[in-house]
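Chain residues, written in single-letter form:
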Amino acid sequence: DSGVTQTPKHLITATGQRVTLRCSPRSGDLSVYWYQQSLDQGLQFLIQYYNGEERAKGNILERFSAQQFPDLHSELNLSSLELGDSALYFCASSRAGDSYEQYFGPGTRLTVT
Amino acid sequence: TQLLEQSPQFLSIQEGENLTVYCNSSSVFSSLQWYRQEPGEGPVLLVTVVTGGEVKKLKRLTFQFGDARKDSSLHITAAQPGDTGLYLCAGEGNSGNTPLVFGKGTRLSVIA
């Protein structure tokens, strides 16, 4: 158990819908990262928050947004969902603002039908 | 753009055999991390290497960081079925705050 929690574990929704994925980092970690993993693309970095502020942005679509709250939990919002958004979404956390040693949650499997 | 190439993509071996998987780049990384991921689970951090030429051992697993900090290898001795999984390497950039760059992984299957 990494100490990072993610909910829900599975999510099935229809195209055009909007969903919210939630992540709680390990106790004491200030950074939260979001990744998308699909079979053909591997693990793709989406966005990082550090102590409530956006720190780095990767290949995140405009339909996707995230935020980190004062209690350091984070949410990833995915809207206008398309079939191609079906993937595993992982949250990871680390102590500081750099990427050193990230600890991953169990992931949310999103299926868009 | 920093890229990490992992090889081989797939590896299927018998229990008890030794194996090495590789992680290569043309870029220099300040650190390199190895993760193992099992189906439906999140990646689990195995080790971090920081110094060029560094060798770290974790039971039957030996990790090496290249002298130039551009490549790394993972050697498993006497593989066991429990070693089965996706092995990912991830590099931390050498300039400022850059996100981890992940390779696509080596999928290892150890057959009893």
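Attention in this report is confined to the structure presented alongside it. (Residues numbered from 1 in each chain as written. Chains lettered and ligands numbered in written order. Predicted model: local features only at pLDDT ≥ 70, side-chain atom pairs only at ≥ 80, totals over all residues. Heavy atoms only, no water.)

Residue and element names in this part refer to chain A. The antiparallel open sheet is built from 4 strands, whose spatial order is S1-S3-S8-S7. On the outer flanks of this sheet lie strand S1 (5-7) and strand S7 (64-68), each paired with one strand and no other. In this sheet, neighbouring strand axes are inclined to one another by 15° on average, regardless of whether the strands run parallel or antiparallel. The sheet contact formed by strand S3 (residues 19-24) and strand S8 (residues 74-78) spans 5 bridges and is antiparallel. Among the inter-strand pairings, Thr20 is bridged to a residue of S8, identified as Asn77. (Pairing = 2+ DSSP bridges. Helix = DSSP H or I, 4+ residues; strand = E, 2+ residues; numbered from the N terminus. Axes fitted to C-alpha atoms, helices over the stretch in contact; angles between N-to-C directions.)

Another point: the interface of chain B and chain A. Each partner contributes residues to the interface: chain B has 20 residues there, and chain A has 21 residues. A combined buried area of about 1600 Å² lies between chain B and chain A, and 54% of that area is made up of carbon and sulfur atoms. Counting across the interface, chain B meets chain A through 4 residue pairs in polar contact (both at pLDDT 80 or more). Mapped onto the side of chain B that touches chain A, the elements with two or more residues apiece are strand S4 (29-37), strand S5 (44-49) and strand S9 (85-93) of chain B. For the side of chain B that touches chain A, the element with the highest residue contribution is S4(B), accounting for 4 residues. Partitioning the side of chain B that touches chain A into residue classes produces 9 nonpolar, 8 polar and 3 charged. (Contact = heavy atoms within 4.5 Å. Buried area = accessible area lost by both parts, 1.4 Å probe. Polar contact = N/O pair within 3.5 Å; in protein donor to acceptor, adjacent residues only side chain to side chain. Nonpolar A, V, L, I, M, F, W, Y, C, P; charged D, E, K, R; others polar.)

What follows concerns the environment of Arg63(A). Residues and elements named next belong to chain A. Relative to the helices and strands, Arg63 resides in the loop between strand S6 (53-57) and S7. Residues within four places of Arg63 in sequence aside, it is in contact with Asn77, Leu78, Ser79, Ser80, Leu81, Glu82 and Asp85. Reaching out from Arg63, the side chain makes a polar contact with the backbone oxygen of Ser80 at a distance of 3.1 Å.

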